[in-house]
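# Structural characterization, general
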Amino acid sequence: MYNPRIIKNPAKVKEPKPYSFPTGFAGGMNTAYTADQIQENQSPDMLNMNFDDGGVPTKRTGYSAVNTIGTAGGVKGEYFYYRKGVTDPIHLVAHSTKLYSCHLTTGALTSLYNSMSGDQVNFFTFNDTCFWYDQSSYGYVDSTGAVDVIDGHSDNSYAPTVTLGRSPDGTTSTVYEAYNSLSYSAIDSFSGTVGDTVFQLSATGFAAAEDIGPVYANGVLLATPADYSVNIVTGEVTTTASPGLGTNNLTVEWYHETFCKTQGSDVDLIGKCTIHAVYGGKNDTRVFMAGNPTYPNYQWISGVTEAGPDPTYFPVDGSIAIDSDAEAITGMARMADYLIIYKDRSQYYQTIDDSASPTTFPVMPLNAEYGCIAPRSVVEVSN
C-alpha cells in the first residue's frame, strides 16, 4: 500500500505581546498572603526592598562595620537603652566579660563594667533604668554608669526593714518586710524609750564593725565612734546619747551573709537566672525571673517597697514553683493581662490578684501537651 509522506509545516510563532497591568503598578509587596493569592500588580518578594513609614517600597539599607572589638569571647548581647526625655538611645554592647556603651555615630566604645561572666547577657528597661543579667551578675545602667547589685551589701540593692517598733532589748518587734534574695543587708527599726542607749539587732556574730551601720536617730545620721559604738559579737549598738521616747526613731542597717542565708537570702537564686518578663497585670510593676539551672521550675518575683516597684528587691517569700522540676521553664511572655509561661512540654497562664495584701500571682494550667523546647525563642508580637 502506498502511503504518501505528509510534510507538516510548523505552526507560525505568535509575536509576544507586552503584559499589561490593568490595575496599575502600585500594588507593591504583599507578604500577608501566599504568592498565588495576591493581586497581579503585587509581588510576594522584592529583593533588598522594604516599606517606609508611608508604605512606599524603598531600598533596604545595608550593614557596615561600626566597631571591631575583637574575636576573643564574642559579642554576648546588644541593647538600645531609651531614656525618658533623651532622643538618642544608649547602645549597650556586652562583649566577652565587659559591658560597653557604643557611640551611635563613631562606634567608639566606653567601658562600663569589667566583670561579666562571659555568658549570654539579657537586658530590660524598668522605671527608666536599664538592667542586665548574665548568670553571674545582675546590675543596672543609668545616666551615671553601670553597677552590679549582686555584691551582698545593699549599696546598690534594696535593704529591707525586717522589723518595726523593735524594743531596745530586741525582745519584741513587728515583722515588716521580707529579706532580700539579692542582698545580705537588712534594717532594724527601734522604738526608743527614755534613757535607753543599748539596742539589740536581729543578728549576732558580725564579721567586722563596718558591717553595722549606717545608724539614724530621729532622722539624723550618727557618726562612729563619736555618736555610737558596736559590739560585733553580741550585735548590740550603743548610742552616746539616748534617742529618747519615740516610734521607730532609731534605725540600724547591717550586713550579715550567714544570718541572712538562714532567712532565705541567696544572691545566686536571681544571679543565675536566664529568663525574665516584666508583668503586673494591667501595669508592669514586677520583674519575673526564671531559668536558674539549679531550680529549673522556679520563678522569682520582684517586690514593691514604700518608694514603689523595685527590681533590686526580690523578697525571699516571692518565689513560685511552676509544677514539678521534671520540666524547666523555657520562656515567659505577656499576652494582654496574662503572663504565659512555657515549659518543655506544657504551658501555663498567670494572673494577678491584688484584692488583698499581699498581692499574689496565681498560676493555672493552659496546655499539658505542647510547650517550648527552645529557650529565648518566646517573643511578644503586636501585644
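Below: a short report on this structure. (Residues numbered from 1 in each chain as written. Predicted model: local features only at pLDDT ≥ 70, side-chain atom pairs only at ≥ 80, totals over all residues. Heavy atoms only, no water.)

### Details of the overall build of the protein chain
Of regular secondary structure, the protein chain possesses two helices and 29 strands. Its C-alpha atoms give the protein chain a radius of gyration of 31 Å, more than 25% over the compact-globule value 21 Å for 383 residues. Counting only C-alpha atoms, the protein chain reaches 140 × 50 × 40 Å along its principal axes. Taken over 383 residues, the protein chain has a buried fraction of 38%. Considering only contacts in the protein chain between residues 6 or more positions apart, those separated by 24 or more positions represent 51%. (Helix = DSSP H or I, 4+ residues; strand = E, 2+ residues; numbered from the N terminus. Rg over C-alpha atoms; globule rule 2.2 N^0.38 Å. Buried < 20%, exposed > 50% of the residue type's maximum accessible area, 1.4 Å probe, protein only. Contact = heavy atoms within 4.5 Å.)

### Some remarks on the side chain of R166
As for its placement among the helices and strands, R166 is situated in strand 11 (residues 161-166). An unpaired buried charge is present at R166: no salt bridge exists, and D188, the closest side chain of opposite charge, is 4.2 Å distant. Only 3.4 Å separates the side chain of R166 from the side chain of S202, close enough to count as a polar contact. If near-sequence neighbours (up to four positions away) are discounted, R166 is found in contact with T172, S173, D188, S189, F190, S191, Q200, L201 and S202. (Lys, Arg positive; Asp, Glu negative; His and termini not counted. Salt bridge = Lys/Arg side-chain N within 4 Å of Asp/Glu carboxyl O. Polar contact = N/O pair within 3.5 Å; in protein donor to acceptor, adjacent residues only side chain to side chain.)

### Brief notes about the sheet that holds strand 15 (residues 212-217)
The six strands lie next to each other as 12-11-13-19-15-16, forming an open sheet whose pairing is mixed. Whereas interior strands pair on both sides, the edge strands pair on one side only; in this sheet they are strand 12 (174-175) and strand 16 (220-221). As judged from the six bridges shared by strand 13 (residues 185-190) and strand 19 (residues 250-255), these two strands associate in the antiparallel manner. Of the residues in strand 19, the one forming a bridge with A186 is W254. (Pairing = 2+ DSSP bridges.)

### Comments concerning the packing of aromatic side chains
This structure, assessed with the given rule, holds 18 aromatic pairs. Taken together, a centroid distance of 5.2 Å and an interplanar angle of 90° make the contact between F288 and F361 edge-to-face. Of this pair, F288 sits in strand 21 (residues 286-290) while F361 sits in the loop between strand 28 (346-350) and strand 29 (363-367), placing them 73 residues apart in sequence. Of the two residues, F288 and F361, neither departs from the other in class, the shared state being buried. Every member of this aromatic cluster is reached through a ring pair, and the members are F124, F131, Y138, Y140 and F314. (Phe/Tyr/Trp six-rings, centres within 6.5 Å; stacked < 30°, edge-to-face > 60°.)

### Brief notes about the pairing of strand 28
Counting buried positions along strand 28 yields four of five residues, so the element is predominantly enclosed. Pairing of strand 27 (residues 338-343) with strand 28, which is carried by five bridges, proceeds in the antiparallel orientation. Its bridge partner lying in strand 28, Y342 is registered against Q347. Following strand 27, the chain reverses through two residues before pairing antiparallel with strand 28.

### Remarks on the pattern of salt bridges
A pair can form between side chains of opposite charge whenever their charged atoms are brought close. Inspection of every chain in the model, using the stated rule, returns three salt bridges. D337 is the salt-bridge partner of K282, the closest N and O atoms lying 3.2 Å from each other. Linking K282 in the loop between strand 20 (275-279) and strand 21 with D337 in the loop between strand 26 (329-335) and strand 27, this pair joins segments that are 55 residues apart in sequence. The class for K282 is exposed, based on a relative accessible area of 67%. Look at D337 and you get partly exposed, because its relative accessible area is 32%. A salt bridge links D284 to R334, with the nearest nitrogen and oxygen atoms 2.3 Å apart. Placement of D284 in the loop between strand 20 and strand 21 and of R334 in strand 26 is noted, with a sequence separation of 50 residues between them.

### Section: the sheet that holds strand 14 (residues 198-200)
In space, the three strands of this open sheet follow the order 14-18-17, with antiparallel pairing throughout. Of all the strands in the sheet, the pair left with one neighbour each is strand 14 and strand 17 (228-231). This sheet shows a mean twist of 20° between the axes of neighbouring strands, independent of strand direction. As paired strands, strand 14 and strand 18 (residues 236-239) are joined by three bridges and run antiparallel to one another. Within strand 18, the residue paired with V198 across the bridge is T238. (Axes fitted to C-alpha atoms, helices over the stretch in contact; angles between N-to-C directions.)

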